[in-house]
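Here is how the chains run, residue by residue.
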Amino acid sequence: MTVNLEVAEGVGTLRLDRPPMNALDIATQDRLKELAEEATRRDDVRAVVIYGGERVFAAGADIKEMQEMDHAAMVLRARALQDSFTAVARIPKPVVAAVTGYALGGGCELALCADYRIAAENAKLGQPEILLGLIPGAGGTQRLPRLVGPSKAKDLIFTGRMVKADEALAIGLVDRVVPADEVYTQAHAWAARLAQGPAIALRAAKESVDTGLETDIDTGLAVERNWFAGLFATEDRERGMRSFVEEGPGKAKFL
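Sequence order as written defines residue numbering, which begins from 1 separately in each chain. Where local features are concerned, this predicted model is filtered to residues with pLDDT of at least 70; where side-chain atom pairs are given and counted, the filter is 80 or more; whole-chain, interface and lining totals use all residues. Side-chain metrics in this entry use all non-hydrogen atoms of the structure; hydrogen atoms and water are not considered.

Attention shifts here to the pairing of strand 4 (residues 95–99). When a residue's accessible area, from a 1.4 Å probe over protein chains only, is under 20% of the maximum for its type it is buried; when over 50% it is exposed; and in between it is partly exposed. The helix count covers DSSP runs of H or I at least four residues long, the strand count covers runs of E at least two residues long, and both are numbered beginning at the N terminus. Summarising burial for strand 4: five of the five residues are buried, a large majority. Burial along strand 4 is two-sided: V95, A97 and V99 facing one way and V96 and A98 facing the other are all buried. Examined bridge by bridge, strand 4 and strand 6 (residues 116–120) share four bridges and lie parallel to one another. Residue pairing across strands places V99 opposite A119, the latter belonging to strand 6. Two strands pair under a simple rule: DSSP has to find at least two bridges between them.

The next point concerns the nonpolar core. Across soluble globular proteins, you tend to see nonpolar side chains buried next to one another. Grouping buried Ala, Val, Leu, Ile, Met, Phe, Trp, Tyr and Cys residues that are joined through side-chain atoms within 4.5 Å yields what is termed a nonpolar core. Grouped together as the largest cluster of nonpolar side chains are 45 residues, with contacts concentrated most on F57, V88, V99, L110, L125, L144 and L173. Of all the elements, helix 3 (residues 71–89) adds the most residues to this core, at five residues. Here L110 is in contact with L16, L32, I50, F57, F85 and V88, once residues within four sequence places are set aside. Contacts: residue pairs with any heavy atoms within 4.5 Å of one another.

With that settled, consider the side chain of R77. Residue position: R77 is located in helix 3. Owing to a relative accessible area of 12%, R77 belongs among the buried residues under this scheme. Distance and chemistry together define a polar contact, namely a pair of N or O atoms within 3.5 Å, with one atom able to donate a hydrogen and the other to accept it when in protein, and with adjacent residues in sequence counting only for side-chain atoms on both sides. A polar contact of 2.9 Å, which involves the side chain of R77, links it to the side chain of D30. When sequence neighbours within four positions are dropped, the list of residues in contact with R77 reads I26, Q29, D30 and M69.

Bringing helix 9 (residues 199–214) into the picture now. Here helix 9 contains 16 residues, and its C-alpha end-to-end distance of 23 Å stays within 8% of the 22 Å for a straight helix at 1.5 Å per residue. Of the positions making up helix 9, those classed as buried are A204, K206 and S208. Each element contacted by the buried residues of helix 9 is listed here: helix 3, strand 4 and helix 10 (217–230). A helix is expected to span 1.5 Å multiplied by its residue count minus one.

Quick look at the packing of aromatic side chains now. Pairing of aromatic side chains here covers Phe, Tyr and the six-membered ring of Trp, requires ring centres within 6.5 Å, and sorts the geometry by plane angle: under 30 degrees stacked, over 60 edge-to-face, intermediate tilted. Within this structure, the stated rule accounts for three aromatic pairs. Ring geometry for Y51 against Y184: centres 4.7 Å apart, planes inclined by 35°, an arrangement best described as tilted. Linking Y51 in strand 3 (residues 47–51) with Y184 in helix 8 (residues 183–195), this pair joins segments that are 133 residues apart in sequence. Ring centres 5.6 Å apart and planes at 75° place the aromatic pair F228 and F232 in the edge-to-face group.

As structure tokens, this is what we get:
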């Protein structure tokens with residue numbers, strides 16, 4: 001399999017496994033969607049790590065496969081391509097990308113689907129599609145400007161240049177830079193910590209933030225308001241408030 005889902009202690013690792021560069025061909029895209037939907041359904045998955053291995057995250061699409069496709073073929077495929085990445089973005093649980101080596105094109109777009117990105121010191125990210133006479137087609141023109149702002153996104157998309165980890169951190173493309181041999185460990189620790197948290201409240205927080213970024217503030221506030229009130233019907237809310245009153249802040253256990 002080109003993508004695997006490994007689950008331990010509440011954390012599901014979506015592991016890309018298509019050596020040598022984890023090129024995202026059609027089979028890999030479809031498998032990614034399948035496993036993202038599985039991670040969404042599974043109660044034993046409470047947080048997710050996206051990982052490409054120690055050497056590379058994902059170097060982009062399979063260019064040889066794409067070269068054989070004409071306009072008609074891509075009209076039929078483009079929606080499925082986007083849907084595979086959207087399935088990752090819509091996992092209603094905390095998702096962290098553990099980025100090593102290259103995260104280019106579709107690889108960068110996959111990292112953009114995470115809630116948080118931890119990169120190796122040797123990581124290089126970018127959207128080089130323009131160098132092929134194309135534009136990003138798996139969400140890059142939409143998720144990148146929402147993350148780093150339109151002007152920085154246009155610079156990366158227009159030029160196709162790669163950015164190293166330090167610049168990626170400076171512009172907000174990644175959230176933390178660590179030694180290469182610590183990337184997965186730290187990403188897993190981030191996910192494991194949240195896997196111990198209140199699952200419904202985390203889902204509410206993620207949906208409220210994501211919806212608010214995609215719509216007007218009044219609609220976003222309505223989503224927040226409905227989730228906020230709804231959480232008062234959950235056991236986690238009862239447990240969290242009782243623990244606060246009886247034991248002090250930060251001591252509640254939600255599992």
